[in-house]
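Listed below, chain by chain, are the residues.
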Amino acid sequence: MAMSYPFPIYFILLIITIPRLISTVGKTEQWKYSLPTELSSKNNNISEKLITNPKALEEASTDYGNLVHELPSAVFRPTTVNDIATLIKLSFNSSVPFRIAARGQGHSTRGQAMARDGIVVDMKGLRERGDGEVVKNNIKMKNGNDGIKVFGDAKVGYYVDVGGEQLWIDVLYETLEYGLAPVSWTDYLYLTVGGTLSNAGISGQTFRYGPQISTVHQLDVVTGKGEFVTCSKQKNSELFHGVLGGLGQFGIITKARIALEAAPKRVKWIRLLYSDFADFTKDQESLILSKKSKLDYLEGMVLMHQGPINNWRSSFFPLTDHHRILSLITQHRVLYCLEIAKYYDHHSENTLNKEIQTLVQGLNYIPGFYYEKNVSFVEFLNRVRSGELKLQSQGLWDVPHPWLNMFIPKSRIMDFNLGVFNNIIQKRNITTGPVLVYPMNRNKWDNKMSATIPDDEDDIFYAVGFLHSSGFDNWKAFDAQNIEILKFCKDAEIKYKLYLPHYSTQEEWRNHFGPKKWKSFVQRKYEFDPRMILSPGQRIFNNN
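Bear in mind the structure is a predicted one, so any value in this text is a computation, not a measurement.

Undergrad: Describe the sheet that holds strand β2 (residues 74–76), with residues and values.
TA: Read from one edge of the open sheet, four strands run β1-β2-β4-β3, paired in mixed fashion. Unpaired on one side and paired on the other, β1 (50–51) and β3 (100–103) mark the two borders of the sheet. Direction of pairing for β3 relative to strand β4 (residues 119–122): parallel, over a ladder of four bridges. The partner of Ala101 across the bridge, within β4, is Val120.

Undergrad: Outline the packing of helix α9 (residues 277–289) against helix α14 (residues 413–428), listing residues and values.
TA: The relative placement of two packed helices comes down to the angle between their axes together with the axis-to-axis distance. In contact at an axis separation of 11 Å, α9 and α14 are set at 140° when each is read in the N-to-C sense. With respect to α14, the element α9 is oriented oblique. Taken as a pair, α9 and α14 cross one another with a handedness that is right-handed. On the side of α9, the interface is formed by Phe277, Ala278 and Thr281, while α14 contributes Ile413, Met414, Asn417 and Phe421. Here the residues of the contact of α9 with α14 are counted per class, giving five nonpolar, two polar and no charged.

Undergrad: I'd like to hear about the pairing of strand β8 (residues 157–163), residue by residue, with values.
TA: For β8, the tally of buried residues reaches five of seven residues, placing the bulk of the element in the interior. Two strands pair when backbone bridges link them, and strand β7 (residues 148–153) and β8 are joined in this way by six bridges, in the antiparallel orientation. Across the sheet, residue Gly152 finds its bridge partner in β8, namely Tyr158. Connecting the antiparallel pair β7 and β8 is a turn made up of three residues. Looking at chain direction, β8 and strand β12 (residues 251–259) are connected through five bridges and run antiparallel. By the bridge assignment for β12, Asp161 is matched with Arg257.

Undergrad: Run through the environment of His512, naming residues and quoting values.
TA: Looking at where His512 falls in the secondary structure, it is placed in helix α16 (residues 506–513). Each C-alpha atom, one on His512 and one on Pro501, is 8.6 Å from the other, the two residues being 11 residues apart in sequence. Among all residues touching His512, those that are not within four sequence positions of it are Thr452, Lys497, Leu498, Pro501 and Tyr503. A distance of 3.3 Å separates polar atoms of two side chains, one belonging to His512 and the other to Tyr503.

Undergrad: Give me the pattern of salt bridges: which residues, what numbers.
TA: With the rule as written, the count across this model stands at 26 salt bridges. The salt bridge partner of Glu238 is Arg524, with a shortest N-O separation of 3.0 Å. With a gap of 286 residues between them, Glu238 in helix α8 (residues 237–243) and Arg524 in helix α17 (residues 515–528) connect regions that are remote in the sequence. Overall, Glu238 belongs to the partly exposed group, its relative accessible area being 38%. A salt bridge links Glu372 to Lys268; the nearest nitrogen and oxygen atoms lie 3.2 Å apart. Within this pair, whereas Glu372 is found in strand β17 (residues 370–376), its partner Lys268 is found in strand β14 (residues 266–274), the two being separated by 104 residues in sequence. A residue is classified by how much of its surface remains accessible, and Lys268, at 6% relative accessible area, is buried. Overlapping salt bridges bring together Glu70, Arg116, Asp117 and Arg539 as one network.

Analysis parameters
- Residues numbered from 1 in each chain as written.
- Predicted model: local features only at pLDDT ≥ 70, side-chain atom pairs only at ≥ 80, totals over all residues.
- Heavy atoms only, no water.
- Pairing = 2+ DSSP bridges.
- Helix = DSSP H or I, 4+ residues; strand = E, 2+ residues; numbered from the N terminus.
- Axes fitted to C-alpha atoms, helices over the stretch in contact; angles between N-to-C directions.
- Parallel < 35°, antiparallel > 145°, perpendicular 65-115°, else oblique.
- Left-handed = near helix turned anticlockwise from the far one by under 90°.
- Contact = heavy atoms within 4.5 Å.
- Nonpolar A, V, L, I, M, F, W, Y, C, P; charged D, E, K, R; others polar.
- Buried < 20%, exposed > 50% of the residue type's maximum accessible area, 1.4 Å probe, protein only.
- Polar contact = N/O pair within 3.5 Å; in protein donor to acceptor, adjacent residues only side chain to side chain.
- Salt bridge = Lys/Arg side-chain N within 4 Å of Asp/Glu carboxyl O.

Take a look at the structure:
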């Protein structure tokens, strides 16, 4: 039931928060490197699972971005969900709550999973393997991972119950044991289920199946009060919608029920090159709107001289064609690569080539620059892994990653191309790493969820990602480029939204969500985490 208030909810939050902030002014040292009394007590089973050695603290004070470093007081390694609930309850009932952040794979780029002077919950502690069987509605299924269980239901079909700490790559392998798989993925699979669902989870399947949050039937969540709650669209729906895309602000996801469908065996993977951005976007949009194409995946990339033809995300273009493609880039300064995929198995193999031929026939790519691969389903979904391992072997993985991910309205994507791809990027000439640009269908997103997309009437919006890698001595140049891109959008009145957002002030967060969604976000925070305990690294309600 919706709650009504005689005055704005943000005023209530100020009343709650300001005294606590005032009480800590000039007392920073009491937070630094020392555990709260409730945690140092030997009378609970929490203290024995707290780790304060320098190595653990250092690991929890950095992330994939390698730009932000915030040292926690301790790292907590739970072995049960009840451990997490007990930890949060201790904070909730404390006179001075300590802040808590859940950390999955630490793949955030701006310290979002950190908790300066607080407690970082290392979710890997819950990732235990085992064997067994599950039976539901007379369907018996083998279970090889205690945190990943596949079920069949006569009403909702097949689904998998997955611990929030589990990796998507393990979900893939476990569900394939039954010939099943989730339908919406991220490009990189070595991320936790709870981590991607707290953001949205996007990739080339999003236009058709929606983001990962749209495939969730049910969640188990430990709220900021330490309460264990099962929620869905029908039950505790405010928490359900809030947590999905909620950036960890309302609770820690401990289990998700995710829809499954029959898994294909193989993938026809195609790339096409364009020199004209208008043709490129027109073809992208027609493909994701078409009911005839039945594509399973669509993304796009920007190719420039600054980066290698085959970037770390995949090795696709044959070496024999590199010179030809580079010559084309020299001629046009920038190329656009359309990437599509169609899944198939032995039932659909006979008609596949004809379908692909019909689909490609009407596209306006550069003649002669058509490339295709035929790969297994697993090889396609896990395509980024080989590039990661190569970079790790070269010592080039754990470097700064000043990423910028944006959603751009369809009506302004041409302006964005002109001002950014053909101006700012070319002028600075520093881009390394993939630059992605691909469309999504608005109707695949549920506006009740916390995840935020552009506020306009376009049926399509674009995901744009600058996935930079830099050295430790020059990452600020990339960050300056990101700032210039955002300034261009602001000056041009392009109403973008950041994906994997990071802001330093609450005013910026309010603008990010927009008036209506911000009001709902604040009400949910007040209801499920009223003492502002969770996810301080997002800097939404905790600016220090």
